[in-house]
Amino acid sequence: MFEHVQPYAGDPIFALVDAFNADPRPGKVNLSIGIYFDEQGRLPVLDSVRRAEALLLEAGGAKPYLPMEGDASCRREVQALLFGRDHAALRQGRVATIQTVGSSGGLRVGADFLKAWFPSSAVWMSDPTWDNHRSMFEACGFAVHGYPYYDAATGGVAFDRMKAALEGLPARSIVLLHACCHNPTGVDLTRAQWDQLIPVLAQRGLIAYLDLAYQGFGEGIDEDAYAVRALANAGLAFFVANSFSKSMSVYGERCGALSAVCPSAAEAALVLGQLKFTVRRNYSSPPLHAAGIVARVLGDAALRSQWEGEVAQMRERILAMRRALHAALTRKLPGRRFEYFLTQRGMFSYTGLTPAQVDELRERHAVYLIRSGRMCIAGLNSRNVATVAEAIAAVLA
């Protein structure tokens, strides 16, 4: 019956995790998968989330299906987090928001919607981008292309080439953009660059699709929403998928959302209806427990304040690891420049290591990175950062 089915080659990141788990070496270090680990190398349980769950359990009650669009209080709090509680787009009812199965679910629901209603459009995404971005949109039937983004020579954004590429796109092209903490490079657009890019999106009639998976891990919770709010302030129609996996450390709960900012409340109602229909044809409704966590943490003033403090601590720890790795490598290889560890933001850094060097790190030193050279800085801690620096210096020497 199924002999014709092609074998699945596996996901390269999850395959690395499997290899890491099977590695018997005691000093092994996993810097591959995009998960935040604390100073003890553990997946943290945030106190704000723990308290929110305790309140949910205390309240008890039945566990019905949620509506297709998700829990109303969760959706309302997501909108306030992304746009600010009193944003004009919210007051005017121009934002259609659904709760989704993680931001991955949001990305896919939005992609399905766009394929249904903009069938002749193509998708353009940064070179490089998160590997699963391309797979998701191609699975919906889109032709997917890349626009210039990372400049290997400078370690920054190839902004002039990026802007020129977008200026040449046909109207209604879908442009996937990382709102902050770019995955995999850690290289972000500055606010001035966003301000230059937004008029291009407007003048060319492009459909911006923002991925915001790491809000709070760049500069701060409000600061990392700059692109979302700037596009809304400019009157653009666009999509944004956001996640709480990292910022609330609730990976397996699949807490996410998708928001569509529309020109009018009437159009937002049309979009919401079709997003609901898309969900119904897919997973039918999102998780109840995930909605309760998000709504409680964001909607309770004390929990919200505690959560913001915990996100700040995670962000500062990542920054401290960036500084420690930069200092150690600079001491070991004084003739080389490692400033990119300090200028890149968020959980990831593009190290510039070649696939062969990454293989050598894994095979000789038990340090695991993905073969693009992307490093998850959040996997470092004060006990392993010197070991990692010594291993990188050895393969670069």
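How each quantity is defined
Residues numbered from 1 in each chain as written. Predicted model: local features only at pLDDT ≥ 70, side-chain atom pairs only at ≥ 80, totals over all residues. Heavy atoms only, no water. Helix = DSSP H or I, 4+ residues; strand = E, 2+ residues; numbered from the N terminus. Rg over C-alpha atoms; globule rule 2.2 N^0.38 Å. Buried < 20%, exposed > 50% of the residue type's maximum accessible area, 1.4 Å probe, protein only. Contact = heavy atoms within 4.5 Å. Pairing = 2+ DSSP bridges. Axes fitted to C-alpha atoms, helices over the stretch in contact; angles between N-to-C directions. Salt bridge = Lys/Arg side-chain N within 4 Å of Asp/Glu carboxyl O. Phe/Tyr/Trp six-rings, centres within 6.5 Å; stacked < 30°, edge-to-face > 60°. Lys NZ or Arg CZ within 6 Å of the ring centre and 35° of its normal. Lys, Arg positive; Asp, Glu negative; His and termini not counted.

> Even after reading the chapter, I still don't get the overall build of the chain, so can you show me in this structure?
On a plain count of helices and strands, the chain comes out with 15 helices and 13 strands. Computed over its C-alpha atoms, the radius of gyration of the chain comes to 21 Å, within 12% of the 21 Å expected for a compact globule of 397 residues. Viewed in the frame of its principal axes, the chain has a C-alpha envelope of about 60 × 55 × 55 Å. Here the chain holds 397 residues, and the buried ones make up 55% of them. Within the chain, counting contacts between residues at least 6 apart in sequence, those at least 24 apart form 75% of the total.

> What exactly am I supposed to notice about the sheet that holds strand β10 (residues 255–261) here?
Strand pairing in a sheet relies on backbone hydrogen bonds. The paired strands run either parallel or antiparallel. The strand order across the open sheet formed by seven strands is β2-β10-β9-β8-β7-β3-β4, and the pairing between neighbours is mixed. Of all strands in the sheet, those bounded by a partner on one side alone are β2 (95–101) and β4 (144–148). Strand after strand, the sheet turns through a mean of 25 degrees between neighbouring axes, direction not considered. Pairing of strand β3 (residues 123–127) with β4 involves five bridges; the strand directions are parallel.

> I'm lost on unusual backbone geometry in this one. Help?
Residues apart from glycine generally show negative phi values, whereas peptide bonds are mostly found in trans. Going from Asp-127 to Pro-128, the amide bond is cis rather than trans, its omega being 5 degrees. Note that Pro-128 resides in the loop between β3 and α6 (131–139). In this structure, Cys-181 takes a positive phi of about 50 degrees despite not being glycine. Here Cys-181 is to be found in the loop between β7 (174–178) and α8 (191–203). The phi dihedral of Ser-249 falls on the positive side, at around 55 degrees, and the residue is not glycine. The residue Ser-249 is located in the loop between β9 (238–243) and β10 in this model.

> Help me out: how do you make sense of the pattern of salt bridges in this one?
Opposite charge on two side chains lets them pair, provided their charged atoms get close. Under the definition given, this model contains 19 salt bridges. The closest approach of N and O atoms between Glu-77 and Arg-85, which form a salt bridge, is 3.0 Å. Given a relative accessible area of 9%, Glu-77 falls into the buried group. According to the relative accessible area criterion, Arg-85 is exposed, its value standing at 53%. One salt bridge connects Arg-108 with Asp-112, and the closest N-O pair in it is separated by 3.2 Å. Of this pair, Arg-108 and Asp-112 both sit in helix α5 (residues 102–117), separated by four residues, roughly a single helical turn.

> What's the story with the packing of aromatic side chains in this structure? I'm lost.
Two descriptors summarise a pair of aromatic rings, namely the distance from one centre to the other and the angle between the planes of the rings. Enumeration over the complete set of coordinates arrives at 10 aromatic pairs. An angle of 85 degrees between the planes, with centres 5.0 Å apart, marks the rings of Tyr-150 and Tyr-350 as edge-to-face. Remark: Tyr-350 occurs in strand β11 (residues 348–350) and Tyr-150 occurs in strand β5 (residues 150–151); sequence separation between them is 200 residues. Like Tyr-150, the residue Tyr-350 is buried in the burial classification. Measuring from ring centre to ring centre gives 4.5 Å for Tyr-340 and Phe-341, while their planes differ by 40 degrees; the resulting arrangement is tilted. Classification of Phe-341 by relative accessible area gives buried; the value is 1%. Grouping aromatic residues by their ring pairs yields a cluster made of Phe-113, Phe-137, Phe-142, Tyr-209 and Phe-239. The residue whose ring lies beneath Arg-281 is Phe-277, and the NZ or CZ to ring-centre distance is 4.1 Å.

> Would you mind going over the pairing of β7 with me for this structure?
Strand residues, when the strand is regular, have side chains that alternate between the two faces of the sheet. Taken across its five residues, β7 has five buried, putting it largely inside the fold. Residue alternation in β7 divides its side chains into two sets, Ile-174, Leu-176 and His-178 and Val-175 and Leu-177, and both sets are buried. Here β3 pairs with β7 via three bridges, running parallel. For Trp-124, the partnering residue across the bridge sits in β7 and is Val-175.

> Explanation requested: the side chain of Lys-246 in the structure shown.
Tracing the chain through its elements places Lys-246 in the loop between β9 and β10. Put simply, Lys-246 is tucked away with no salt bridge, and the nearest opposite charge, on Asp-211, sits 8.6 Å away. Ignoring sequence-local partners within four residues, the contact set of Lys-246 consists of Gly-34, Ala-213, Tyr-214, Phe-217, Tyr-251, Met-314 and Met-347.

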